[in-house]
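# Summary of structural features
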Amino acid sequence: MTDFTTPTAVALPRPVVLHREGTEMLLHEALARSRQQEAEEAARQFALARRFTAGRGWATVAGFAARRAARARADAGAAPLHRGSRSAVSGLRRAV
């Protein structure tokens, strides 16, 4: 007789994981990084929206100032100025 046996299905050995905490930590780090990137994107969008709303606010203030200046000119008996003309801007500079 021979010592030859038929090979059975050979199971591949599993890789030994010594530090399971390390792989779990990588998952937590990836989640934290993803959340941080989402927060930064939200902050960028909020800053952009804040710039637009600030522009609208300053436009409102400028309109109020223009109406007030026109009313002051009318009370003083001066001729109304055309919006955006150089004389309107220089008149406002002298008034301040």
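Everything that follows concerns the structure shown earlier in this document.
The structure contained in this document is the topic of the report that follows. Quick caveat: nothing in here was measured; it's all calculated off a predicted structure.

Broken down by element type, the chain carries two helices and zero strands. By the burial criterion, 4% of the 96 residues in the chain qualify as buried. Just so you have it, the chain exposes about 9,500 Å², and 61% of that area is on carbon and sulfur atoms.

This part is about the pattern of salt bridges. Pairing between side chains of opposite charge can happen when their charged atoms approach one another. Overall, the coordinates contain one salt bridge when judged by the stated rule. Close ionic contact of glutamate 41 with arginine 44 constitutes a salt bridge, the shortest N to O distance being 2.5 Å. With a gap of three residues between them, glutamate 41 and arginine 44 both fall in helix α1 (residues 20-76), about one helical turn apart. Under the relative-accessibility criterion, glutamate 41 is labelled partly exposed at 37%.

About the cut-offs
Residues numbered from 1 in each chain as written. Predicted model: local features only at pLDDT ≥ 70, side-chain atom pairs only at ≥ 80, totals over all residues. Heavy atoms only, no water. Helix = DSSP H or I, 4+ residues; strand = E, 2+ residues; numbered from the N terminus. Buried < 20%, exposed > 50% of the residue type's maximum accessible area, 1.4 Å probe, protein only. Areas by Shrake-Rupley, 256 points an atom, 1.4 Å probe, with all protein chains shown as cover. Salt bridge = Lys/Arg side-chain N within 4 Å of Asp/Glu carboxyl O.

Interpretation note: all reported values are geometric properties and have no functional meaning in isolation.
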